[in-house]
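# Observations on the model geometry
As a plain string of letters, each chain reads:
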Amino acid sequence: QTVVTQEPSFSVAPGGTVTLTCGLSSGSVSPTHYPSWYQQTPGQPPRTLIYNTNIRSSGVPDRFSGSILGNKAALTVTGAQADDESDYYCVLYVAGGPWGFGGGTKLTVL
Amino acid sequence: EGQVVESGGGLIQPGGSLRLSCAASGFTFSSFSMNWVRQAPGKGLEWVSYITGGGDIKFYADSVQGRFTISRDNAEKSLYLQMNSLRAEDTAVYYCARDHIFTFDMWGQGTMVTVSS
């Protein structure tokens, strides 16, 4: 079974830039996996940030961007702010799924 | 824009059954596929089940296959998850999520299911 991989944790300084990645246990991520990204703070439902690799959801600041970097999907936060401190999940459209969720990345802004 | 609201969670003994509901409003419910996604306490998100707008195609995660059944009533604008043979590891917040252009574009607040004796 295909596993979606993410870094367990990451830290960034306020105002800095960080790139979170989303990979597959076997094979490369491509646009045909329709990568999407979600932000979640404790006690809240997820919030959709990015879909179809690089399309920002309505109301999402442009400091969040999505892309394919090498063999992984990527979420870049440019000019990180304190309230960007959250858990970030990627989701891929995978065979046998249809949806594979990554384990999430805990982003700390300090 | 619309919203989805889950209900039906609670405390249930191992081996028991529970039926979750998700009420949709503000959009053409029958035009959208829907999903159930869960999150165990302190853990990440886990996709559980998917159903097409017409209800004719359904998928399940391996962890719930054969125990959970997804269904929908488009006239009532409602999504359901029938959960049987519940286990402690099914304890989680269960979210209803709308599926649109290969993304989950609308989430409910979730309903908590606790499986414990």
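Residues numbered from 1 in each chain as written. Chains lettered and ligands numbered in written order. Predicted model: local features only at pLDDT ≥ 70, side-chain atom pairs only at ≥ 80, totals over all residues. Heavy atoms only, no water.

## Some remarks on the overall build of chain A
The helix and strand inventory of chain A stands at zero helices and eleven strands. Reading chain A from its N end, one meets helices and strands in the order β-β-β-β-β-β-β-β-β-β-β. Here chain A has a C-alpha radius of gyration of 13 Å; the compact-globule value for 110 residues is 13 Å, and the two agree. Projected onto the principal axes, the alpha-carbon positions of chain A cover approximately 40 × 25 × 25 Å. (Helix = DSSP H or I, 4+ residues; strand = E, 2+ residues; numbered from the N terminus. Rg over C-alpha atoms; globule rule 2.2 N^0.38 Å.)

## A look at the sheet that holds strand E3 (residues 17-24) of chain A
Residues and elements named next belong to chain A. Strand order in this open sheet of four strands is E1-E3-E8-E7, and the pairing throughout is antiparallel. Single-partner strands in this sheet number two, and they are strand E1 (4-6) and strand E7 (64-69). Between one strand and the next, the sheet's axes are offset by a mean angle of 25°, whatever the strand orientation. Here E3 runs beside strand E8 (residues 72-78); their pairing, made up of six bridges, is antiparallel. Each residue of the ladder has a partner; that of valine 18, found in E8, is valine 77. (Pairing = 2+ DSSP bridges. Axes fitted to C-alpha atoms, helices over the stretch in contact; angles between N-to-C directions.)

## Brief notes about the nonpolar core
Grouped together as the largest cluster of nonpolar side chains are 41 residues, with contacts concentrated most on Trp36, Tyr94 and Phe104 of chain B. In contact with phenylalanine 104 of chain B, not counting residues within four places along its chain, are Tyr38, Thr48, Val91, Trp99 and Phe101 of chain A together with Asn35, Val37, Trp47, Ala97 and Arg98 of chain B. Judged by nonpolar contacts, the second largest core, of 22 residues, contains Leu24, Leu49, Val60 and Phe64 of chain A. (Core = buried A, V, L, I, M, F, W, Y, C linked by side-chain atoms within 4.5 Å. Buried < 20%, exposed > 50% of the residue type's maximum accessible area, 1.4 Å probe, protein only. Contact = heavy atoms within 4.5 Å.)

## A closer look at the pairing of strand E9 (residues 92-99) of chain B
Where burial is concerned, most of E9 of chain B is hidden: seven out of the eight residues are buried. Hairpin remark: E9 of chain B followed by strand E10 (residues 104-107) of chain B, antiparallel, with four residues in the connecting loop; positive phi at isoleucine 101 of chain B, about 50°.

## Let's talk about the interface of chain A and chain B
Taken together, the contacts link 19 residues of chain A with 20 residues of chain B. Between chain A and chain B lies a buried interface of about 1700 Å² when both sides are counted; carbon and sulfur atoms form 64% of it. Applying the counting rule to chain A against chain B returns zero salt bridges. Along the contact surface separating chain A from chain B lie eight residue pairs in polar contact (both at pLDDT 80 or more). Residues that form the side of chain A that touches chain B fall into these classes: eleven nonpolar, eight polar and no charged. (Buried area = accessible area lost by both parts, 1.4 Å probe. Salt bridge = Lys/Arg side-chain N within 4 Å of Asp/Glu carboxyl O. Polar contact = N/O pair within 3.5 Å; in protein donor to acceptor, adjacent residues only side chain to side chain. Nonpolar A, V, L, I, M, F, W, Y, C, P; charged D, E, K, R; others polar.)

## Concerning the state of the cysteines
All names here are of chain A. Evaluation of the coordinates by the stated rule reveals two disulfides over all chains. Sulfur-sulfur distance for the disulfide between cysteine 22 and cysteine 90 comes to 2.0 Å. Between cysteine 22 and cysteine 90, the S-S torsion sits near 70°, and that sign places the bridge as right-handed. Taken together, the positions of cysteine 22 in strand E3 and cysteine 90 in strand E9 (residues 87-93) put the pair 68 residues apart, joining distant regions of the chain. Overall, the relative accessible area of 0% leaves cysteine 22 in the buried class. (Disulfide = S-S within 2.5 Å.)

## Quick notes on the layout of surface pockets
If you add up the space inside the largest pocket, you get close to 460 Å³. Considering the residues around the largest pocket, the lining is formed by 21 residues, among which Gln1, Thr2, Trp99, Gly100 and Phe101 of chain A are closest to the centre. Elements with a contribution of two residues or more to the lining of the largest pocket: strand E10 (99-101) of chain A together with strand E5 (45-51) of chain B. Taken together, the residues of the lining of the largest pocket sort by class into ten nonpolar, nine polar and two charged. Considering only enclosed or pocket space, the second largest pocket measures out at about 330 Å³ in volume. Forming the walls of the second largest pocket are 22 residues, and the residues nearest its centre are Gln40, Asp87 and Tyr89 of chain A together with Gln39 and Lys43 of chain B. (1 Å grid on protein atoms, 1.4 Å probe; cavity = no way out; pocket = protein on both sides within 12 Å on 5 of 7 lines; lining within 4 Å. Points joined across faces, edges and corners; volume = space filled by probe spheres on them.)

## Quick look at the environment of glutamate 85 of chain A
Residues and elements named next belong to chain A. Its place among the elements puts glutamate 85 in the loop between E8 and E9. As for glutamate 85 and threonine 41, which are separated by 44 residues in sequence, their C-alpha atoms are 7.9 Å apart. Setting aside residues up to four positions removed in sequence, glutamate 85 forms contacts with Thr41, Leu107, Thr108 and Val109. A polar atom in the side chain of glutamate 85 sits 2.7 Å from the backbone nitrogen of valine 109.

## What to know about unusual backbone geometry
Look at threonine 53 of chain A: it is not a glycine, yet its phi comes out positive at around 75°. Relative to the assigned elements, threonine 53 of chain A resides in the loop between strand E5 (47-51) and strand E6 (55-56).

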